[in-house]
Amino acid sequence: MPRSERAKQFAPFDALKGLHRALRLKEFEHERIEKEDLSDEKISEISEILNNLKFKDKVEIVYFEDGHYFRESGQVKIDYAEQKIEINHKCINFLNIMDISLLK
């Protein structure tokens, strides 16, 4: 058997193709939590920052989506009409923002 053919026999083999992906998805669904309510002060703080943001400002955002909290940081694009903010090609509704801070 040629040397190039011998190496193929040691390639990883997944007998249950897709099982690992299905398990990760099930685990993700199982870890869902309820969205916390924000205080009026926190809502005002987030609103103030959103009102003062400019195109391409750098921010860090903690947001809630699909039963999970996520964190993104980068430059933003703001759509006040749709009440959405785009960061790293991820569109986030203003109502899902749990925390936001300006980065320098």
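Please refer to the structure placed before this passage.
Residues numbered from 1 in each chain as written. Predicted model: local features only at pLDDT ≥ 70, side-chain atom pairs only at ≥ 80, totals over all residues. Heavy atoms only, no water.

1. Thoughts on the packing of aromatic side chains
- Inspection of the entire model under this criterion finds 3 aromatic pairs.
- Look at phenylalanine 64 and tyrosine 69: their rings are 5.0 Å apart centre to centre, the planes differ by 65°, and that puts the pair in the edge-to-face class.
- Residue classification places phenylalanine 64 among the buried positions, given a relative accessible area of 11%. (Phe/Tyr/Trp six-rings, centres within 6.5 Å; stacked < 30°, edge-to-face > 60°. Buried < 20%, exposed > 50% of the residue type's maximum accessible area, 1.4 Å probe, protein only.)

2. Some words on the pairing of strand S4 (residues 90-93)
- In terms of strand pairing, strand S3 (residues 84-87) meets S4 through 4 bridges, oriented antiparallel. Pairing of isoleucine 87 across the sheet is with lysine 90, part of S4.
- Between S3 and S4, which pair antiparallel one after the other, the connecting turn spans 2 residues, and asparagine 88 there sits at a positive phi close to 50°. (Pairing = 2+ DSSP bridges. Helix = DSSP H or I, 4+ residues; strand = E, 2+ residues; numbered from the N terminus.)

3. So, the nonpolar core
- The biggest cluster of nonpolar side chains holds 14 residues, and the ones touching the most others in it are Leu50, Leu53, Ile61, Ile85, Ile97 and Ile100.
- If you list the elements that add at least two residues to this core, you get helix H3 (40-52), strand S1 (58-65), S3 and strand S5 (97-102). (Core = buried A, V, L, I, M, F, W, Y, C linked by side-chain atoms within 4.5 Å.)

No statement about biological role is implied by the geometric values presented.
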